[in-house]
Number of protein chains: 4
Amino acid sequence: MATTKTPPDANRRSERSRRAILEAALELTGETGYQRLTIEAIAARAGVGKQTIYRWWPSKAAVLLDAFVALGEDAAEGHHELPDTGDLEADLKTVLRATVDELNSPRYDAPSRALAAESIANPDLCAQFTRAVLEPQLQLYVTRLRAAQEAGQADPDVDPRIALELLVGPLAHRWMLRTQPLTHAYADSVVEITLRGLTPR
Amino acid sequence: MATTKTPPDANRRSERSRRAILEAALELTGETGYQRLTIEAIAARAGVGKQTIYRWWPSKAAVLLDAFVALGEDAAEGHHELPDTGDLEADLKTVLRATVDELNSPRYDAPSRALAAESIANPDLCAQFTRAVLEPQLQLYVTRLRAAQEAGQADPDVDPRIALELLVGPLAHRWMLRTQPLTHAYADSVVEITLRGLTPR
Amino acid sequence: MATTKTPPDANRRSERSRRAILEAALELTGETGYQRLTIEAIAARAGVGKQTIYRWWPSKAAVLLDAFVALGEDAAEGHHELPDTGDLEADLKTVLRATVDELNSPRYDAPSRALAAESIANPDLCAQFTRAVLEPQLQLYVTRLRAAQEAGQADPDVDPRIALELLVGPLAHRWMLRTQPLTHAYADSVVEITLRGLTPR
Amino acid sequence: MATTKTPPDANRRSERSRRAILEAALELTGETGYQRLTIEAIAARAGVGKQTIYRWWPSKAAVLLDAFVALGEDAAEGHHELPDTGDLEADLKTVLRATVDELNSPRYDAPSRALAAESIANPDLCAQFTRAVLEPQLQLYVTRLRAAQEAGQADPDVDPRIALELLVGPLAHRWMLRTQPLTHAYADSVVEITLRGLTPR
DNA sequence: GGCTAATCGAGACGGTACGTCTGGTCTTTGC
DNA sequence: GCAAAGACCAGACGTACCGTCTCGATTAGCC
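Position labels on residues start from 1 in each chain and follow its written sequence. Naming scheme: in the order in which they are written, chains are lettered from A and ligands are numbered from 1. Confidence filtering applies because this is a predicted model: local features only for residues at pLDDT of at least 70, side-chain atom pairs given and counted only at 80 or more, and all residues used for totals across whole chains, interfaces and linings. As a rule here, side-chain values come from all non-hydrogen atoms in the structure, and water together with hydrogens is ignored.

1. Let's talk about the overall build of chain A
Part 1: What counts as a helix is a DSSP run of H or I of at least four residues, what counts as a strand is a run of E of at least two, and both are numbered from the N terminus. Along the backbone of chain A there are nine helices and zero strands.
Part 2: Tracing chain A from N to C terminus, the helices and strands come up as α-α-α-α-α-α-α-α-α.
Part 3: Along the longest, intermediate and shortest principal axes, the C-alpha atoms of chain A span 60 × 40 × 30 Å.
Part 4: Here's how the labels work: a residue is buried when its accessible area is under 20% of the maximum for its type, exposed when over 50%, partly exposed in between, all with a 1.4 Å probe on protein chains only. Across the 201 residues that make up chain A, the buried fraction comes to 46%.
Part 5: Taking the contacts inside chain A whose residues are at least 6 apart along the sequence as the reference set, 67% of them involve residues at least 24 apart. Residues are treated as being in contact if the distance between any of their heavy atoms lies within 4.5 Å.

Below you can see the structure in the form of structure tokens.
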């Protein structure tokens, strides 16, 4: 009993429409916010029928996720690993400061918040988001931290997955709840305290 | 000539209706999730006119916030400070383990996620949420950490506001993005690493 | 089992409020039309609680009927019989021309139309309207026509109730459906043809 | 820059929905009366979205007018002229008796009263109603009366438009205000008196 | 001249329907 | 032979009024 509906033929898909939809989604998210973003508005802005969106994406969150991934790919351009100068503290500060800047940049803020909000409430989208965007980022930390452990600069008994969360968790917390301003100084403090906690015994 | 609309008279407010609304909001959030939660359904479940909700709350998120605050007040019952046995590590583990349990409990999970999701996208609600729910909790950490600093158990140069975020940020991160299971062991690890970072020099 | 609800004590009724309500009803009917007329607006305009209206009238139509009666009483001022100069045709033309003028006057038009519209759909109000406003007017015709019959100026075999409707029916028809302009010339024609039909045989 | 809102494409209109809406409107008007008739109830009964009604009609009165026109078209079936047996009086009695029967029939009574009531208060609808329903009927009288004038059976100086109103005006008056029962005998009397008034001089 | 009871202005309440908006599906049409 | 355009069913939105109710704060009228 698997009549799930004939899936569309991906070969015939219009690349022009796909791009227009993703671009429209990003623009409208920036202009009016995610809550007020509607599929109809995206279709109208992209000059596309609504069905063309429903055919290829299950929800407006999925559209935005794809749009965000595309945005990230444009920007990533080779940042496929964390810097490794040998000085872990300096490297982490560099990275976390860049993260702070990104979280503070309006270009990323609106879609990021939208996706984060959806992810909290929607486990499916959360899984996709994690897999497509977050996990690759986090793996970079794991790699760098493991290198540091091997170099004797960090306690090898500490799980890098946990260490990494001590670094990004506090930043995410401030960004999300706006309890305090998100600054380079804050990033530095987080790195310093965490690294003291990771000192080899 | 600035009064746009006479505000309702709070003295004549029906306590019965207020309670019924908050209760219905919590129930329905648990049953169908926040996205599918509608003002009409709350009104119907509470046996109340829609206008009675619109009269006193600006949005369904605000209703849920009040409901959550009420829920918290029932549960708090004197937990108005963190334990202080003299052993900071043990005390923090106790508290963070309790937090883990709470975040894993279905009773709190649905409304918490709803409010967190809304807060990310909606700064006004976020401010209210922070003031009413979060900040009082965080202040308890500040108090306990300062006591530890004065007792010479923690580095007095570290801002307690930052230290606290190293504790709760990672938990929030995991809860939010479901990257890994949220366990007592994880809470313990976070406490241990963070406290090593706070050791008096 | 006749506990129908204690009726209000008419002695203690506030004359000031009654007048204000009737006046407000007429004003608002003229300003926004009967459809958009609301009890709340009447109460607000009259500076009166809604209950004061509901206590004394069963519906907004009833309020307007009272208002219209009051309006008519001011204007009637002794027109309690039709003219009788001995010339039936001249007398009827005088009266029907006056009726035409009244139906064309904005002051009476709005409330008249409102009451007529309600009367068509609402038999109870219709009965009240007929009894209070219409029937007394029609009786004047009956009296005058009977006098003409006795004076040998009209066929005594014709029921005056029918004759009268041949006079006012066509005017009402034009007023109601706006098929043609309602003029003195039209009134004259109606009188002339009808009276020819009433000539004694 | 005058186009405020793209009008819907009439070619793509669903005939099935249109019919269902008109039928539901008639049924509900008969069941609960026009005042209690709601757009929501029509949509529900017709199995149709509310928007499908709002898309094609400006008001519930307009829906009912269309429904009434459709009803009339079904019933008309070739009655596109008045009978002409050569005996004007007999012919008019036949027609007016039929009109009396129609006005007394429950099937036509409820929607007729609704439309008449709306027409009194709403000039736009009145014009539509007159054009679509009333005027064609009245023209039949004009034609028949002119034939009688040419045959020397009626005074050629009397405007047929006025004569016709002497016939239908009184019936309308009684129907509307329920002052007396509306019977065949009444119709006969009206015809007799009016025709006496139209005797060629 | 105080007491009592009803009416008063005010407006919150449980409801119903409004007319609009959007979600997703289905149908038509034009390229 | 798609895909745009958009009509369709469905149902929530936030608003406006309905008619009922509960509040003090005036009034009456009876003792």
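2. Topic: the UniProt feature "DNA-binding region" (unreviewed entry) in chain A
Part 1: UniProt positions are given in the numbering used here, feature names are shortened, and annotations may be inferred rather than shown by experiment. Mapped onto this structure's residue numbering, the UniProt feature "DNA-binding region" (unreviewed entry) falls at residues 38–57 of chain A.
Part 2: With 75% helix and 0% strand, residues 38–57 of chain A has end C-alpha atoms that lie 13 Å from one another.

3. Considerations on the domain arrangement of chain A
Residue and element names in this part refer to chain A.
Part 1: Start and end positions for the domains come from either an automated domain assignment or a database one. If you check the domain split of chain A, you get domain 1 (9–58) and domain 2 (78–196).
Part 2: One C-alpha centre belongs to domain 1, the other to domain 2, and the line joining them spans 30 Å.
Part 3: Once two parts are brought into contact, the accessible area they lose, counted with a 1.4 Å probe and summed over both, makes up the buried area. Taken as a group, Leu26, Thr29 and Tyr34 account for 89% of the area that domain 1 buries against domain 2, more than any other trio of residues on that side.
Part 4: Here, a salt bridge means any side-chain nitrogen of Lys or Arg that lies within 4 Å of a carboxyl oxygen of Asp or Glu. At the surface where domain 1 touches domain 2, the tally comes to zero salt bridges.
Part 5: Between N or O atoms, a polar contact is any pair within 3.5 Å; within protein, one atom must be a potential hydrogen donor and the other a potential acceptor, and residues adjacent in sequence are included only when both atoms are from side chains. At the surface where domain 1 touches domain 2, the tally comes to one residue pair in polar contact (both at pLDDT 80 or more).

4. Remarks on the packing of aromatic side chains
Part 1: Pairing of aromatic side chains requires ring centres within 6.5 Å, counting the rings of Phe and Tyr and the six-membered ring of Trp. Pairs whose planes differ by under 30 degrees are stacked, by over 60 edge-to-face, and all others tilted. Evaluation of the coordinates by the stated rule reveals four aromatic pairs over all chains.
Part 2: Taking 6.3 Å as the distance between ring centres and 85 degrees as the angle between the ring planes, the aromatic pair formed by Phe68(C) and Tyr108(C) counts as edge-to-face. Note that Phe68(C) is positioned in helix H4 (residues 60–76) and Tyr108(C) in helix H6 (residues 106–121), a separation of 40 residues in sequence. Across the pair, exposure class does not vary: Phe68(C) and Tyr108(C) are buried alike.
Part 3: One Lys or Arg, Lys60(A), reaches over the ring of Tyr34(A) and ends 4.4 Å from the middle of that ring. Two limits define a charge over a ring: the Lys NZ or Arg CZ must be within 6 Å of the ring centre, and within 35 degrees of the ring normal.

5. Brief notes about the protein's contact with DNA strand E
Part 1: Residues are labelled near a given molecule or strand when at least one of their non-hydrogen atoms is within 4 Å of it. Neighbouring DNA strand E are 39 residues; Lys50(A), Ser17(B), Asp9(C), Arg12(C) and Lys50(D) lie closest to it.
Part 2: A breakdown of the atoms of DNA strand E within 4 Å of the protein gives sugar and phosphate a share of 62%.
Part 3: A distance of 2.7 Å separates a phosphate oxygen of DNA strand E from a polar side-chain atom of Thr52(B).
Part 4: Within the side chain of Trp56(B), a nitrogen or oxygen atom sits 2.8 Å from a phosphate oxygen of DNA strand E.

6. Comments concerning the relation of the copies chain A and chain B
Part 1: The two copies are related by a screw operation: chain A maps onto chain B through 180 degrees of rotation and 0.1 Å of translation along the axis, at an RMSD of 0.2 Å. Both copies are brought into coincidence by an operation consistent with a two-fold rotation axis.
Part 2: Of the interface residues in chain A, 100% have counterparts in chain B that sit at the interface too, so the contact is made through matching surfaces. Only residues with pLDDT of at least 70 in both copies contribute their C-alpha atoms to the least-squares superposition of the copies.

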